[in-house]
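The residues making up each chain are set out below.
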Amino acid sequence: MNDGTVIGVIGAGAMGRGIAQIMATGGYRVVLVDTNEVALETALQAIATTLDKAIARNLMTPEDKTAALARITPELALESLASADLVIEAIVEQLEVKAGLFARLETICRNNTLFCTNTSSLSVTKIAAGLVHKSRLVGMHFFNPPHIMKLVEVIETPETPEDVITTVMQLARKIGKQPIRAKDRPGFVVNRCARPYYGEALCILEEGNFTAAQIDTALRSAGYRLGPFELIDLVGADINYAATLSVWEALERHPRYQPFDRLKQQVEAGKLGQKSGEGFTLPK
Ligand code: NAD
């Protein structure tokens with residue numbers, strides 16, 4: 001990866017826009033693709049707002065901001081990724097949809113274009129299963145918000161060659177992240193550990209003795225950066241529920257990871273958190 005490298009980012013939602021931003025501020029040209037034109041416009045506005053905050057904190061200059069925004073090209077068509085050197089997917093958390101997207105991408109991109117999925121919890125091996133060149137796809141799992149969180153889990157499959165891992169780890173370091181190499185196991189590292197954290201919090205809420213705000217305050221005061229409910233609202237209840245379901249299924253429905261109805265109800269009610277304006281802790 002060098003200054004002429006073109007990074008494709010598919011999905012301009014909470015994660016895709018942040019990934020596009022850090023790639024652009026890292027000096028890469030970015031093609032940001034979303035099927036929804038409004039999502040693309042919202043993403044570019046959100047990136048500009050985040051960069052304004054960085055200027056206000058003297059972390060970058062207005063010229064840096066202009067240059068970073070100029071490196072991002074919003075596009076509706078997947079075909080615009082034909083010249084990409086590496087593509088990172090951040091669309092819906094559904095195996096068939098992600099697998100279908102990469103299969104289509106394989107007919108558009110060069111044979112040596114690397115593919116990365118930002119999946120929270122799905123099997124990277126299964127996402128790659130239908131590809132002709134399976135070894136080109138790895139997990140590159142960023143955390144929310146991508147411009148702040150240092151960790152990136154780089155997930156290898158049994159097909160992944162060493163040079164692909166090295167390239168993706170180097171890319172992550174180049175944009176200021178701290179990558180760790182992870183096996184393709186359910187929830188990888190962080191989302192596996194996080195399942196019981198959310199689960200116990202939902203259990204306490206169901207018992208009815210504490211509100212979500214009280215539980216969040218207790219955990220924050222105990223040293224956690226965010227309480228479980230504000231974290232669900234940040235991540236999105238839909239994304240959180242999808243991750244919970246897929247880890248539970250992948251671990252043969254072990255009771256420790258069983259999804260709580262309370263979270264499902266939240267999704268069905270459209271109370272997704274920051275993205276819908278309503279959630280466990282929203283509106284304030
Ligand atoms: P989101 O709902 O905010 O955004 C998804 C975007 O993808 C939307 O703008 C949608 O229009 C677009 N999209 C859907 N299908 C598409 C397609 N076929 N082609 C192009 N664009 C398409 O979702 P998100 O929270 O950004 O999550 C995206 C992915 O990142 C998921 O796999 C999720 O599990 C993972 N992830 C999420 C978080 C988090 O905290 N939200 C953290 C790490 C990883």
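The model shown is predicted, which means the values in this text are computed figures rather than measured ones.

(A) Spotlight on the packing of helix α1 (residues 14-25) against helix α2 (residues 37-56). Running from N to C, α1 and α2 point in directions that differ by 55 degrees, and their axes come no closer than 10 Å. Compared by their axis directions, α1 and α2 come out oblique. α1 and α2 meet at a crossing whose hand is right-handed. Only Ala43, Ala46, Ile47 and Thr50 of α2 make contact with α1, whose side of the interface consists of Gly16, Arg17, Ala20 and Gln21. Taken together, the residues of the contact of α1 with α2 break down into four nonpolar, three polar and one charged.

(B) Main features of the confidence of the model for the protein chain. Chain-level statistics for the protein chain give a pLDDT mean of 97 and a share of 100% at 70 or above. Quick note on the complex model: pTM equals 0.95, ipTM equals 0.99.

(C) Fine view of unusual backbone geometry. Going from Asn144 to Pro145, the amide bond is cis rather than trans, its omega being -5 degrees. Within the secondary structure layout, Pro145 lies in the loop between β6 (137-142) and β7 (151-156). Cis geometry is found at the peptide bond from Leu282 to Pro283, where omega equals -5 degrees. For Pro283, the location among the structural elements is in the segment after α11 (261-268).

(D) Region of interest: α2. The terminal C-alpha atoms of α2, which comprises 20 residues, lie 29 Å apart, in line with the 28 Å expected from a rise of 1.5 Å per residue. Residues Leu40, Ala43, Ile47 and Leu51 constitute the buried set of α2. Down the axis of α2, the sector holding all buried residues measures 65 degrees, keeping them to one side. Exposed side of α2, more than 90 degrees from the buried face: Val38, Gln45, Thr49, Lys53 and Ala56 are the residues found there. For α2, the elements touching its buried residues are α1, β2 (29-33), α3 (62-70) and β3 (72-75). Just downstream of α2 lies Asn58, where phi reads positive at about 60 degrees.

(E) Fine view of the site of the ligand. The environment of the ligand is formed by 27 residues, the closest being Gly11, Gly13, Met15, Ser120 and Asn144. Per-element tally for the shell around the ligand: the top contributor is α1, with three residues. Lining the shell around the ligand are residues from two domains, each supplying at least three of them: domain 1 (6-183) and domain 2 (194-268).

(F) Representation of the packing of helix α7 (residues 190-207) against helix α9 (residues 228-235) within the structure. Relative to each other, α7 and α9 sit at 115 degrees, their axes nearing to 9 Å. As for how α7 packs across α9, the hand of that crossing is left-handed. Touching Tyr197, Tyr198 and Ala201 of α7 are Pro228, Phe229 and Ile232, all from α9.

(G) Just the sheet that holds β2, in detail. A sheet is described by the order of its strands in space; here eight strands give the open sequence β3-β2-β1-β4-β5-β6-β7-β8, paired in mixed fashion. Looking at which strands have only one partner, the edges of the open sheet turn out to be β3 and β8 (178-183). In this sheet, adjacent strand axes meet at a mean angle of 25 degrees when their direction is disregarded. With four bridges connecting them, strand β1 (residues 6-10) and strand β4 (residues 86-89) associate as parallel partners. Residue pairing across strands places Ile10 opposite Glu89, the latter belonging to β4.

About the cut-offs
Residues numbered from 1 in each chain as written. Predicted model: local features only at pLDDT ≥ 70, side-chain atom pairs only at ≥ 80, totals over all residues. Axes fitted to C-alpha atoms, helices over the stretch in contact; angles between N-to-C directions. Helix = DSSP H or I, 4+ residues; strand = E, 2+ residues; numbered from the N terminus. Parallel < 35°, antiparallel > 145°, perpendicular 65-115°, else oblique. Left-handed = near helix turned anticlockwise from the far one by under 90°. Contact = placed C-beta atoms within 7 Å. Nonpolar A, V, L, I, M, F, W, Y, C, P; charged D, E, K, R; others polar. pLDDT = per-residue confidence, 0-100. Expected span 1.5 Å × (residues − 1). Buried ≥ 20, exposed ≤ 12 C-beta atoms within 10 Å, placed from the backbone. Arc of directions from axis to C-beta. Near = placed C-beta within 6 Å. Domains from an automatic or database assignment. Pairing = 2+ DSSP bridges.

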